[in-house]
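Observations on the model geometry
Chain by chain, the residues:
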Amino acid sequence: MFKDKEKTIEIIEKSIKKSLVHSNEGDVASYIPELANVDPTDFALSIICVDGQEYNFGDYNKLFSIQSISKVISLIMALNDNNVDEVFEKVGTEPTKYKFNSLIPIDDIAANPFINAGAITTSSLIKGKNLDEKFNRVVNMVKKLSNSDNIIFLEKVYKSEMDTTDVNRSIAYYLRSKKIFSLDAEEVLDLYIRNCSIGLHSTDLAHIGALLANGGKNLSNGSEIISKDSVRIVLAQMASCGMYEESGRFLLEVGMPSKSGVSGAILGVVPGKCGICVYSPRLDKSGNSVVGKNLLKSLSEDLDLNIFL
Ligand code: GLU
């Protein structure tokens, strides 16, 4: 996709340098105790193009928890397991100015699939005999989408969040009281937190992004892994709701469907071109990686990746 590989590397290195100026800004997430133990100076960038070109910088072998980027996977699975109308009867499609774990944007239904209430809803739509089977299906989907077997469950992160997740627990019970689902609220909550505790690398997320950029088709053999209709929905929701309450501003400045997580990762997708993952754990007030959002902005400008021209 990028014609001159050497030149592309040079441009990316300059963008990284510009964005690392912000590396002391923000704080790592600490409301999940285990997340406070990460090294705030960690940095990784992976770009994987639909033609298979791959660019990796920094600690791209570093494992981190997927956190809210799992909301993309839950939406994909909810759309696979149900029809579109069934999904969007239960969860809305609109951005919100409230924080990702707020109860306010649950009117009759959660505002969108990328706030916690929305992802707890999509988790309830994932099919399976029991919790273990549902979670296995999610992990297998992540493996398939990332073309990687190095996807693991981070038990410490999971336990740490389960012990401190009163807000998400309230959201799960509230949704159940609104008849959004009739399953056991503890079980739906558990699946949601397990999904957030999946551990992977920047290369894995960039690969998921590349697959979305490729219309849901496997990069090497073209076989369909996600339907094009689902990819369109997922990318539209990433563009409008993927960057917490800064989604509009980010789209305006960066012009790339993206999804952020409180571990400090951001997944960006440039349809027809590439998937990008930046990992840098210090976050701004909304929960977006400071270096990550600055780097995506530079890359969008310097590599001409803005989807709006
Ligand atoms: N597990 C986190 C939570 O539910 C995910 C939040 C995020 O990454 O936005 O609070």
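Residues numbered from 1 in each chain as written. Predicted model: local features only at pLDDT ≥ 70, side-chain atom pairs only at ≥ 80, totals over all residues. Heavy atoms only, no water.

Looking at an unreviewed UniProt entry, one finds the chain named Glutaminase and attributed to Peptoniphilus harei. Of the comments in the UniProt record for the chain, the one headed Catalytic activity (unreviewed entry) reads "L-glutamine + H2O = L-glutamate + NH4(+)". The Sequence similarities (unreviewed entry) field of the UniProt record for the chain holds the comment "Belongs to the glutaminase family." (UniProt positions renumbered as here; feature names shortened; annotations may be inferred.)

When you line up the elements, Asp190 lands in helix H8 (residues 185-196). In this structure Asp190 comes out as buried when scored by relative accessible area, which is 12%. Only 2.8 Å separates the side chain of Asp190 from the side chain of Tyr158, close enough to count as a polar contact. Sequence-distant contacts of Asp190, that is, excluding residues within four places in its chain, are made with Leu131, Tyr158 and Met162. (Helix = DSSP H or I, 4+ residues; strand = E, 2+ residues; numbered from the N terminus. Buried < 20%, exposed > 50% of the residue type's maximum accessible area, 1.4 Å probe, protein only. Polar contact = N/O pair within 3.5 Å; in protein donor to acceptor, adjacent residues only side chain to side chain. Contact = heavy atoms within 4.5 Å.)

Turning our eyes to something else, we now look at the UniProt feature "binding site: substrate" (unreviewed entry) in the chain. According to UniProt, the feature "binding site: substrate" (unreviewed entry) maps to Ser68, Asn116, Glu161, Asn168, Tyr192, Tyr244 and Val262 in the numbering used here. Note that Glu161 resides in helix H6 (residues 155-164). Residue Glu161 is classed as buried on the basis of its relative accessible area of 3%. With residues near it in sequence (within four places) discarded, Glu161 still touches Ile32, Gln67, Asn168, Ile193 and Cys196.

Near the ligand lie 13 residues; those nearest to it are Tyr31, Gln67, Ser68, Tyr192 and Tyr244. Asn168 places a side-chain nitrogen or oxygen 3.0 Å from an oxygen atom of the ligand. Contact between the ligand and Tyr244: an oxygen atom at 2.4 Å from a side-chain N or O atom of the residue. Considered on its own, the ligand offers 290 Å² of accessible surface; in the complex 99% of this is hidden by protein. Its residues assigned to classes, the shell around the ligand comprises 7 nonpolar, 5 polar and 1 charged. (Near = heavy atom within 4 Å. Areas by Shrake-Rupley, 256 points an atom, 1.4 Å probe, with all protein chains shown as cover. Nonpolar A, V, L, I, M, F, W, Y, C, P; charged D, E, K, R; others polar.)

With that out of the way, let us pick up the pairing of strand E1 (residues 44-49). Of all the 6 residues making up E1, 6 are buried; the element is thus mostly covered by neighbouring parts of the structure. With burial as the criterion, each face of E1 is covered, one bearing Ala44, Ser46 and Ile48 and the other bearing Leu45, Ile47 and Cys49. In this sheet, strand E2 (residues 54-58) lies alongside E1 in antiparallel orientation, the contact comprising 5 bridges. Its bridge partner being in E2, Ile48 is matched across the sheet by Glu54. When E1 meets strand E8 (residues 274-279), the two strands line up antiparallel, connected through 6 bridges. Following the sheet pairing, Ser46 is matched in E8 by Cys277. (Pairing = 2+ DSSP bridges.)

Here we have 5 strands laid out as an open sheet, ordered E2-E1-E8-E7-E6, and antiparallel in their pairing. Of all strands in the sheet, those bounded by a partner on one side alone are E2 and strand E6 (258-260). On average, each strand axis in the sheet is tilted by 5° relative to the strand beside it, whichever way the strands run. Contacting E1, E2, strand E7 (265-270) and E8, helix H9 (residues 202-213) runs over the sheet at an angle of about 30° to E1. (Axes fitted to C-alpha atoms, helices over the stretch in contact; angles between N-to-C directions.)

Right, let's talk about the environment of Ser102 for a bit. Residue position: Ser102 is located in the loop between helix H3 (84-90) and helix H4 (116-124). Each C-alpha atom of the pair Ser102 and Asn168 lies 9.1 Å from the other, and the pair is 66 residues apart in sequence. One polar contact links the side chain of Ser102 to the main-chain amide nitrogen of Ile104, over a distance of 3.0 Å.

Tracing the sequence through the fold places Val72 in helix H2 (residues 70-81). Between the alpha carbons of Val72 and Gln237 there is a distance of 9.1 Å; along the sequence they are 165 residues apart. Among all residues touching Val72, those that are not within four sequence positions of it are Phe114, Leu212, Val234, Met238 and Lys259.

Further remarks concern the pattern of salt bridges. For the structure shown, the criterion picks out 18 salt bridges. A network of salt bridges, in which partner residues are shared, links Asp132, Asp190 and Arg194. (Salt bridge = Lys/Arg side-chain N within 4 Å of Asp/Glu carboxyl O.)

In terms of nonpolar packing, the biggest core is built from 68 residues, with Ile73, Leu145, Leu205, Leu212 and Met238 touching the most fellow members. Setting aside residues no more than four positions away along its own chain, Leu212 makes contact with Val72, Ile76, Ile226, Val231, Leu235, Met238 and Val269. Ranked by size, the runner-up nonpolar core spans 24 residues in total, among them Ile16, Leu45, Ile276 and Val291. (Core = buried A, V, L, I, M, F, W, Y, C linked by side-chain atoms within 4.5 Å.)

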